[in-house]
Amino acid sequence: MKIAIALLVIVGLVAATPFPKKETKFADKEFLAKQKFFFEIVYRMEDPLFFEEYIKLGKTFTFNKEDYVFPADYDGEYMTKFYKAFKHGVTLPKGEFYGAFVESHFEELYGLFDFFYYAKNWEVFQRNVCWARLFANEGVFVQALTLAVIHRDDFQGFILPTIYEIFPQYFFNSKFVFEAEKFDYDVWSKYIMYEKEYKDFLYKDYSKYFKEFDDKYHYKYYNYFYTKDWKVWQWWKVMGLGEHWYSEDHFMIRDNYDHFNKDSKYLDMIKDVKKFWMPVDYTRDIYFYNQESELSYFTEDVEWNSFWYYFNLDYAPFLDGKTFGLDKDRRGEYYFYVVRQLLARYYMERLSHGYGEIPEFSFFTEVEYGYDPQLINYNGVGFSYRKNYFEYETYGNFEYVHKVMGFFKRIEDIITQGYYMTYDGKKIDMHKPESVKYLGDFMQGNVDSFDKYFATFWYIYAHSYMADVDESDFYVHPHVFLNYETMLRDPVFYQFYKKVHDVFYQFYDYVDAYTKKELYFEGVEFEDVKISELVTYFDLVDFDVTNLLNDKPTFVDGQFVWDKTLLARQARLNHKNFEFEYSIKSDKPQKVVIRAFLGPKYDEFGHVIPLDENRENFYEIDEFYYELKSGVNTFKRSSKDFYWTTDDRTTYTELYKFVMLAYEGKYEFPLDYSEPHCGFPDRLVLPRGYYEGMPVQFFFFVYPFTASYDAYSTYDYNYSCGIGSGVRHIDEYPFGYPLDREIDEFEFFVPNMFFKDAKIYHHDTFEKYYDYKYEKFGHFDYNYYYNY
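Residues numbered from 1 in each chain as written. Predicted model: local features only at pLDDT ≥ 70, side-chain atom pairs only at ≥ 80, totals over all residues. Heavy atoms only, no water.

Interaxial distance between helix 24 (residues 458-467) and helix 26 (residues 491-508) falls to 12 Å at its minimum, and their mutual angle equals 150 degrees. Classified by the angle their axes make, helix 24 and helix 26 are roughly antiparallel. Judged by the sense of rotation from one axis to the other, the crossing of helix 24 with helix 26 is right-handed. Where helix 24 abuts helix 26, its residues Trp458, Ala462, His463 and Met466 lie against Val492, Phe496, Tyr497 and Val500. Residue composition of the contact of helix 24 with helix 26, grouped by class: 7 nonpolar, 1 polar and no charged. (Axes fitted to C-alpha atoms, helices over the stretch in contact; angles between N-to-C directions. Helix = DSSP H or I, 4+ residues; strand = E, 2+ residues; numbered from the N terminus. Parallel < 35°, antiparallel > 145°, perpendicular 65-115°, else oblique. Left-handed = near helix turned anticlockwise from the far one by under 90°. Contact = heavy atoms within 4.5 Å. Nonpolar A, V, L, I, M, F, W, Y, C, P; charged D, E, K, R; others polar.)

Okay, here's the thing in structure tokens:
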């Protein structure tokens, strides 16, 4: 993990890190045995459990409350309810679609989670997991298990495969999923042999006319395959490839490929694994095309969607803040911060395409842009789609509309009148800045809300309305709005959550702006921040989708052999590493925190956006602790060091092979081998930008470090997220400070803040294929921009 950072340290580029990296810890035999179990229990979730030892263990399950340790105010009510439903055969069957926002499904999740979370020891936990893997619905099982791994204190350091590796169906289009599920190695071997003979003739014959046709007709004959709706992320067409499986003789493509290829143990470990890849497209709504399809590479990015999924499991609305420590992480305020970050980042991507503000959402007007997710559930049922100019009021449940609209009206009244009276007579001043935490609990609808009966279900009604689901439904049609890992794909998500976002800014209308005295850091000022060139591009990456395999698993002497891996090869947005060179003057040694924000300079019409209005469009890209010395401090900060961003994760296949190698005593498995699940993908920090340079501006702010704790002091941030620790944030200042409140420009500007204009350039890495003959037409080009 953090391989790139280690390399930067060697060459002397990193001088400012949040806190010293802790010494690498290695897994012992007991840890490895448990980690092996976690990897095997979620292997090929669509299929029955393959592992005999786990089948036998699951069948020993008995329900005895003495096997669980409950908090004083809870007796396992949901667990008991789930078990009764299971005994009567009325739990959600295997193969059925699971929706986290379907009320009956949610109750099952809560009950099964209790079986995992409150298990008194590993033996009870493992038995319960095996039992649930045999009988519980796949979606309920995976989400309950993931919640337990995240929130149990004794599971710190354990890894589950990422959600897009467990359920690739929710991240890749149905065409790809069908091709993966019918993959048969023996059939493929024969097919590829005949295809090669055919293509050797085709491309040899075709290539001699290639340049002539290109000069005369250009695009008509240049791309041999049908490319009417071609986009930059359909790279395989310019290489003369089709959408089917290819054998992988090289290695898995990702940012840190070179590190693994230099490791002899890795090469020995992976050499016997047969690797197959297939090109994967994003959604292209060619039947009801609209401009939002231009952004599908971003809204359907697997790591963008998985980030939102894990955030909502880290701070799951039904988890009590005191029991799970979530109130120590300021969950309500943090919820607003994350929603704000997502919307600001999405808006910047829109500007990269010349689009403007996120459209306003209304229950009573048409949604101009349709969306077809082109996803399929693991039971074979496709997801619902929405055509252009869709009217929700024609098809939706009006009872839910009135409940959701009533919620927003009541929130508006509470903010306007300035106080809220709780059921127990406590009066909360809603015009104090610290009251944002109450508002955040309200808007997330979590159980910490001061009005549980009013607030905890509004968001379920909202998502149920979008998905056309009734609270009494049990069997529901798949819809992207019913699960966290799919909802960010739909443009309507951003329109609706903009309404949520606007509630917080309405709250800040009644909060005083920061004064110069509050912002001024005496004796400290910025002299300059130099920014290296900002360049984005599309690169290719292999995502591990081995869970879609449909052949018979291989066992030798009872030991599972992972001998094949399927890879989804996809173009994705990335950026070249960049760095800030800070020059900050201080009149004495002192501890500080530095925050860096990125925002637009102009709107879609080329007009400068006023700062007070534009503050909503800035998103925080970095925050770190630093100790200034007296005088001018000059130091560099790499984009690879940014606060809580992550590099490419080690794949499911590789992690399993590493764990097995270590389990056999042939390797030391470092606990920080995979990035923490909560990290935001480093490669999405910058919007796409323009070829000629997209004007943006950076905002930097330095202020005193006054936290009452040391960040990360109770956990190792190199492999854990520290959810509920109370020390996962660097300090106790508001999230987004000092852009959280409205700005009084007569008071705002102080020497310890700094604005810097810059441009983001987009380089087309596939441009070299457009006007020149590709000598290997019909074969993948491993030199498309890497230096292999």
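Okay, back to it.
Pairing within the open sheet is mixed, and its 8 strands lie in the order 1-2-9-6-17-16-11-12. Each edge of the open sheet is held by one strand with a lone partner, namely strand 1 (246-248) and strand 12 (619-628). Mean inter-strand twist for the sheet, computed between neighbouring axes without regard to direction, equals 35 degrees. The pairing of strand 6 (residues 534-544) with strand 9 (residues 564-575) spans 9 bridges and is antiparallel. Opposite Tyr537, over in strand 9, you have Asn574 as the bridge partner. Each of strand 9, strand 11 (590-600), strand 12 and strand 16 (694-704) touches helix 19 (residues 331-352); the most contacted strand, strand 12, lies at about 115 degrees to it. (Pairing = 2+ DSSP bridges.)

With that out of the way, let us pick up a nonpolar patch on the surface. Residues Phe364, Phe398 and Met405 make up a contiguous nonpolar surface patch of roughly 270 Å² in combined accessible area. Counting through the fold element by element, Phe364 comes out in the loop between helix 19 and helix 20 (392-395). (Patch = residues over 30% accessible without salt bridge, like charges linked within 9 Å, V, L, I, M, F, W, Y side chains within 5 Å. Areas by Shrake-Rupley, 256 points an atom, 1.4 Å probe, with all protein chains shown as cover. Salt bridge = Lys/Arg side-chain N within 4 Å of Asp/Glu carboxyl O.)

It is worth spelling out the pattern of salt bridges at this point. Following the criterion strictly, the structure yields 39 salt bridges and no others. Glu357 is paired through a salt bridge with Lys498; the nearest N and O atoms lie 3.9 Å apart. Highlighted residues: Glu357 in the loop between helix 19 and helix 20 and Lys498 in helix 26, separated in sequence by 141 residues. The partner of Asp542 in a salt bridge is Arg569, and the shortest N-O contact between them spans 2.7 Å. Here the residue Asp542 occupies a position in strand 6, and Arg569 occupies one in strand 9, the gap between them amounting to 27 residues. In this pair, the class of Asp542 matches that of Arg569, namely buried. Within this structure, Arg44, Asp47, Asp551, Asp563 and Lys564 form a network of salt bridges that share partners. (Buried < 20%, exposed > 50% of the residue type's maximum accessible area, 1.4 Å probe, protein only.)

This part is about unusual backbone geometry. Looking along the chain, the bond that leaves Tyr737 and enters Pro738 is cis, with omega of 5 degrees. Within the element layout of this structure, Pro738 appears in the loop between strand 16 and helix 30 (745-748). One non-glycine residue with positive phi stands out, namely Gln374, at about 55 degrees.

Attention now goes to the sheet that holds strand 10 (residues 579-586). Hydrogen bonds between backbone groups are what pair the strands of a sheet, and the pairing can be parallel or antiparallel. Read from one edge to the other, the open sheet built from 3 strands follows the order 5-10-13, with strand pairing classed as antiparallel. Of all the strands in the sheet, the pair left with one neighbour each is strand 5 (524-531) and strand 13 (631-638). Averaged over all pairs of adjacent strands, the angle between their axes in this sheet comes to 20 degrees, without regard to strand direction. With 8 bridges joining them, strand 10 and strand 13 adopt antiparallel strand pairing. Paired with Ser583 across the two strands is Thr634, which belongs to strand 13.

Each regular strand displays side chains that alternate between the two surfaces of the sheet. Across the 10 residues that make up strand 12, a large majority, 9, are buried. As paired strands, strand 11 and strand 12 are joined by 9 bridges and run antiparallel to one another. Within the sheet, the bridge partner assigned to Val592 lies in strand 12 and is Tyr626.

A separate point is the confidence of the model for the protein chain. Mean pLDDT over the protein chain stands at 87; residues scoring 70 or higher make up 88%. Contacts of residues 1-18 to residues separated by more than four positions or lying in other chains number 46 contacts, the stretch itself having pLDDT below 50. The model gives residues 196-230 a pLDDT under 50, and that stretch makes 46 contacts with residues more than four places away or in other chains. (pLDDT = per-residue confidence, 0-100.)

Attention now goes to the packing of aromatic side chains. Taken as a whole, this structure holds 143 aromatic pairs when the rule is applied. An angle of 80 degrees between the planes, with centres 5.4 Å apart, marks the rings of Phe51 and Phe560 as edge-to-face. Taken as a pair, Phe51 in the loop between helix 2 (29-41) and helix 3 (52-58) and Phe560 in strand 8 (residues 559-561) lie far apart in primary sequence, 509 residues in all. Here Phe51 falls in the buried class, since its relative accessible area comes to 5%. Look at Phe560 and you get buried, because its relative accessible area is 7%. Between the NZ or CZ atom of Arg152 and the centre of the ring of Phe155, over which it lies, the distance is 4.8 Å. (Phe/Tyr/Trp six-rings, centres within 6.5 Å; stacked < 30°, edge-to-face > 60°. Lys NZ or Arg CZ within 6 Å of the ring centre and 35° of its normal.)

The subject of this paragraph is the pairing of strand 10. Counting buried positions over the 8 residues of strand 10 gives 6, a clear majority of the element. As paired strands, strand 5 and strand 10 are joined by 7 bridges and run antiparallel to one another. Bridge pairing in strand 10 places Val524 opposite Ser586.

This brings us to the state of the cysteines. Across all of its chains, the model carries 1 disulfide by this definition. Covalent S-S linkage joins Cys678 and Cys721, the inter-sulfur distance amounting to 2.1 Å. Note on the Cys678 and Cys721 pair: the S-S dihedral is about -105 degrees, so by sign convention the disulfide is left-handed. A residue pair is termed long-range when its members are at least 10 positions apart, and Cys678 in the loop between helix 29 (652-663) and strand 15 (680-681) and Cys721 in the loop between strand 16 and helix 30 qualify at 43 residues. Here Cys678 and Cys721 have matching classes, each one buried. (Disulfide = S-S within 2.5 Å.)

Buried residues dominate helix 24, accounting for 10 of its 10 residues. Buried residues of helix 24: Trp458, Tyr459, Ile460, Tyr461, Ala462, His463, Ser464, Tyr465, Met466 and Ala467, and no others. The positive-phi residue at the C-terminal boundary of helix 24 is Asp468, with phi of around 60 degrees.

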